Amino acid sequence: MAASKLFKNHDHDFCDRKYPVDLTTHDYCLGSLAFGRYGESWRMLHRICSKELLVNRPTNETTRLRRKCTDDMIRYIEEDAAAAHGRGEEGKVNLAHFFFLMSFNLVGNLVLSRDLLSSQSKEGKEFFDAMKEVMVCAGKSNLSDFLPVLKWLDPQGIKRNMVREMGRAMKIVSSFVEERIDELKLPKDKTNKDLLDALLEHTGEGTISNQNVIIIIMEMFFASSETTSSTIKWAMAELLRNPESMTKAKEELDLVIRVDRRVEDSDMDNLPYLQAEIKETLRLHPALPLLIPRNSMLRDQLFGVFDTQGDTDFELIPFGSGRRICVGISLAHKVVHLAWLACYITLTWSLGTTCAPKLSI
Ligand code: HEM
């Protein structure tokens, strides 16, 4: 499809969203940035979130957090493999799980300044479990989206599960929000503000209710964990199943990182082959191949909008484009590259004996 033409000439006409039935649960869609209708409220939330995720935090602070979360991930992987060896097993590791943990914990650090997966955080573990369930429910295809008459019947029980799990996650986030509201009442100068601070302290036009704050915080986990982790997982899998690419990547790495040292974000600038690997992964395995559903704001004249004759401009848009482009794009880019590089460089990889060379995940 002529994506570039659509986004260049008709971005405004298609920047509204359509939300699935499951996300009407607890009025999630009404406070959501990703599924929210295009309008003043969306613009305000979009401004705050993109500023907070892209600009507000000092660069070395976000770099430190990315570093910390990837280091933790490598440690968890090593411990898991060692434990498996200890039990006399082959040492197979469920990588996707650790990538997910890392993405989740990074967002927790960035938006809530909480290390949710540390052993001291009981609510963190509960929140993680609840959010995973919410994502499982949201990932299921719901018949009611295709046959609205079934909405009230909820034949697959997806909405019922969603009500329960989302309610559980919201309750936990609500306790984080209340705790922060109390903290903000204390006369204390906070240097590193996070997204939660930005949402609670918003004073400009438009108001953000506490319910809305809870939804936006949940959404950051929702939008980032699976997308980021599945991209890293596929990048790893593609390299493992292509020994030629693996050799080239290794040669490039050996040239750039000569001494035994930790990899840094900045190393990626000198690794064009590896960057191309990630780009190719995003092309072959886009986390959201059809983006998030758009709603046309055109009353009529739909015909003629898609005049694709002679158009061969197929752009790579794994993060979408236009007004509704992914707000986490810059964070996602950095974390995918860093996590993947850290895994590649620190650990020794091989396919398990039960995997076919052309493995599929
Ligand atoms: C590799 C990782 C990621 C991929 C592939 C990805 C992809 C996407 C895509 C395709 C969209 C829909 C864009 C459209 O409809 O045009 C989107 C939207 C969004 N993403 Fe991401 N994303 C990633 C990571 C993240 C991260 C890390 C965050 C935040 C921490 C995030 C937050 C969002 C939000 C809030 C939206 C909704 C934007 C809106 O509707 O205004 N994403 N993402």
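Residues numbered from 1 in each chain as written. Predicted model: local features only at pLDDT ≥ 70, side-chain atom pairs only at ≥ 80, totals over all residues.

As annotated in an unreviewed UniProt entry, the protein is Cytochrome P450 from Hibiscus syriacus.

**Student:** Please explain the packing of helix H6 (residues 122-139) against helix H8 (residues 158-185) as it appears in this structure.
**Tutor:** Helix packing geometry: the angle between the two helix axes and the distance between the axes. Put simply, H6 and H8 touch, their axes get as near as 9 Å, and they point 150° apart. Overall, the two elements H6 and H8 adopt an arrangement that is roughly antiparallel. The interaxial crossing formed by H6 with H8 has left-handed handedness. Of H8, the residues touching H6 (which contributes Glu123, Glu126, Phe127, Ala130, Met131, Glu133, Val134 and Cys137) are Ile158, Asn161, Met162, Glu165, Met166, Arg168, Ala169, Ile172 and Ser175. Taken together, the residues of the contact of H6 with H8 sort by class into ten nonpolar, two polar and five charged. (Axes fitted to C-alpha atoms, helices over the stretch in contact; angles between N-to-C directions. Helix = DSSP H or I, 4+ residues; strand = E, 2+ residues; numbered from the N terminus. Parallel < 35°, antiparallel > 145°, perpendicular 65-115°, else oblique. Left-handed = near helix turned anticlockwise from the far one by under 90°. Contact = placed C-beta atoms within 7 Å. Nonpolar A, V, L, I, M, F, W, Y, C, P; charged D, E, K, R; others polar.)

**Student:** Explain the site of the ligand here, please?
**Tutor:** Around the ligand, the structure places 28 residues, and the nearest of them are Ala223, Ser224, Gly320, Cys326 and Gly328. Contributions of two or more residues to the shell around the ligand are made by helix H3 (40-56), helix H10 (210-240) and helix H13 (329-346). The dominant element in the shell around the ligand, judged by the number of residues it contributes, is H10, at seven residues. (Near = placed C-beta within 6 Å.)

**Student:** Explain the environment of lysine 193 to me, please; I cannot follow it from the model alone.
**Tutor:** Along the chain, the position of lysine 193 falls in the loop between H8 and helix H9 (195-200). Given 14 C-beta atoms within a 10 Å radius, lysine 193 is considered partly exposed. (Buried ≥ 20, exposed ≤ 12 C-beta atoms within 10 Å, placed from the backbone.)

**Student:** Where do I start with the environment of leucine 255 in this structure?
**Tutor:** Here leucine 255 is to be found in helix H11 (residues 243-256). Expressed as a C-alpha distance, the spacing of leucine 255 and leucine 271, which sit 16 residues apart in the sequence, is 9.4 Å.

**Student:** Would you mind showing me how to read H6 here?
**Tutor:** Side chains three or four residues apart in an α-helix point the same way, a direct result of the helix having 3.6 residues per turn. The terminal C-alpha atoms of H6, which comprises 18 residues, lie 26 Å apart, in line with the 26 Å expected from a rise of 1.5 Å per residue. The complete set of buried residues in H6 reads Gly124, Phe127, Phe128, Ala130, Met131, Val134 and Cys137. If you follow the buried residues of H6, they end up packed against helix H5 (95-112), H8 and H10. (Expected span 1.5 Å × (residues − 1).)

**Student:** Please explain unusual backbone geometry as it appears in this structure.
**Tutor:** Glycine aside, negative phi is the norm for most residues, and most peptide bonds take the trans geometry. Here serine 113, not a glycine, exhibits a phi torsion of approximately 55°, which is positive. Mapping serine 113 onto the fold places it in the loop between H5 and H6. Of note in this structure, aspartate 154 is not a glycine but carries a positive phi near 50°. Locating aspartate 154 in the fold gives a position in the loop between helix H7 (143-146) and H8.

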